[in-house]
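# Analysis of the macromolecular model
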Amino acid sequence: MAANNTPTVIAIDGPSGAGKGTISRIVAKKLGFHYLDSGALYRLLGLSAVRHHVSTDSEQGLMALAEHMDIRFETSNNGAFKIYLEGEDVSREVRTEKTGQMASKVAQYPGVRLALLKRQQMFAQAPGLVADGRDMGTEVFPAAELKIYLTASVEERASRRHKELLEKGEDVSLPALVEQVRARDERDMNRDASPLRPADEAIELDTSSMSISEVTDTVLNILTVKGIK
Ligand code: C5P
C-alpha cells in the first residue's frame, strides 16, 4: 500500500507488442496485485460497436456504448485470463489484429477516453494494481508509485505479434503486420487525446533483445530498489 493507504499502482505503458501484457500479468501475479488490461477495454468497445452497428465515426454513439457496455474480466485458477462481453466469452476475438485496429480508432476520441477513465480507475483496489496500456502513467494513474515505459523496435514487435497470432491459428503475413504495427503506432502517438508517450518520470526499457524473464526481473528489481515491494 502507498503511504496514504491508497492501493499501490504500477503503470506499464508502451506501444503494441512491447511485451506489456505478458510482463504486467507476471508481475501482478508475483506481487498478488490486481491487473488491468486497459487495451482490452478499447478492444471491447470496438467489438461492441460492430455488434451494435455504431459507426466508428460517431463519438457520441461510442461514448454511450463505453459508459454502458457490459464487460467482465476473469482470471481462472489455472491463471487463464478471460474476457466477457455481454456474458459471452470473447477472449479470442478481442485479441485479433482486426479488433486491435478498431480499438485504436475508437481510442482517438476524448469523449470515449473520458467515459472509460472511471471504469479503469476502479481497478485500483488493495493491495495494488498493475495497469497496462498507453496512458496509465500519464492520464489514468498520474500518481502511480512506479511508471515503466516498455519499447522494442517495430520489426521485433511485429515478429512477436506474428508468433503469437500463429500460435492462435491466425495466419497474417509478417510484412503486413509490420505495416499494421507502424499504422497503430502512428495513430496512437499522434492523436490529440492522450497520445502515447512516456510519463516524465517513467523508466524506459527497450526490450528488443531481452527475454520475458529478463524484463520481469528488471521490473521486480526496480520495485525492490524503490522500496515498493
Ligand atoms: O494494448 P492493446 O494493443 O490491447 O490496445 C489496443 C489499442 O487500444 C491501442 O492500439 C490503443 O489505440 C488503444 N489503447 C489506448 N489507451 C490505452 C490502451 C489501449 O488508447 N490505455
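As a reminder, the structure under discussion sits directly above these lines.
The sections below set out a description of the structure shown in this document.

What counts, and at which threshold
Residues numbered from 1 in each chain as written. Predicted model: local features only at pLDDT ≥ 70, side-chain atom pairs only at ≥ 80, totals over all residues. Heavy atoms only, no water. Helix = DSSP H or I, 4+ residues; strand = E, 2+ residues; numbered from the N terminus. Expected span 1.5 Å × (residues − 1). Buried < 20%, exposed > 50% of the residue type's maximum accessible area, 1.4 Å probe, protein only. Arc of directions from axis to C-beta. Axes fitted to C-alpha atoms, helices over the stretch in contact; angles between N-to-C directions. Parallel < 35°, antiparallel > 145°, perpendicular 65-115°, else oblique. Left-handed = near helix turned anticlockwise from the far one by under 90°. Contact = heavy atoms within 4.5 Å. Core = buried A, V, L, I, M, F, W, Y, C linked by side-chain atoms within 4.5 Å.

## Section: helix 8 (residues 174-190)
Taking 1.5 Å per residue, 17 residues should reach 24 Å; helix 8 reaches 24 Å between its end C-alpha atoms and fits that length. Considered for burial, the residues of helix 8 that qualify are Leu 177, Val 178, Val 181, Arg 184, Asp 185 and Asp 188. Buried residues of helix 8, viewed axially, fall in a sector of 130°; they line one side. Looking at helix 8, the residues exposed on the side facing more than 90 degrees away from the buried face are Pro 175, Glu 186 and Asn 190.

## Description of unusual backbone geometry
Along the chain, Ala 126 connects to Pro 127 via a cis peptide bond; the corresponding omega equals 0°. Here Pro 127 is to be found in the loop between helix 5 (110-121) and strand 6 (128-133). Non-glycine residue Glu 86 carries a positive phi angle of around 50°. Note on placement: Glu 86 falls in the loop between strand 4 (81-85) and strand 5 (88-89). Residue class for Glu 86 comes out partly exposed when judged on its relative accessible area of 41%. Positive phi, normally seen in glycine, also occurs at Ser 194, with a value near 40°. Structurally, the position occupied by Ser 194 is in the loop between helix 8 and strand 8 (203-206).

## What about the packing of helix 4 (residues 97-106) against helix 8?
Across the interface, helix 4 lies against helix 8 with an axial gap of 10 Å and an inter-helix angle of 15°. If you check the angle between helix 4 and helix 8, you find them roughly parallel. Considering how the two elements wind past one another, helix 4 and helix 8 form a crossing that is left-handed. Between helix 4 and helix 8, the contacting residues are Glu 97, Gly 100, Gln 101, Ser 104 and Lys 105 on the first element and Leu 177, Gln 180, Arg 184, Arg 187 and Asp 188 on the second.

## Notes on the nonpolar core
If you look at the biggest cluster of nonpolar residues, it comprises 53 residues, and the most contacted ones within it are Ile 10, Val 27, Leu 44, Val 112, Phe 141, Ile 148 and Leu 150. It is helix 2 (residues 38-51) that contributes the most residues to this core, 7 residues altogether. The next biggest cluster of nonpolar side chains, apart from the first, holds 7 residues, and it includes Val 154, Ala 158, Leu 165 and Val 178.

Without other data, these values stay purely geometric and don't point to any function.
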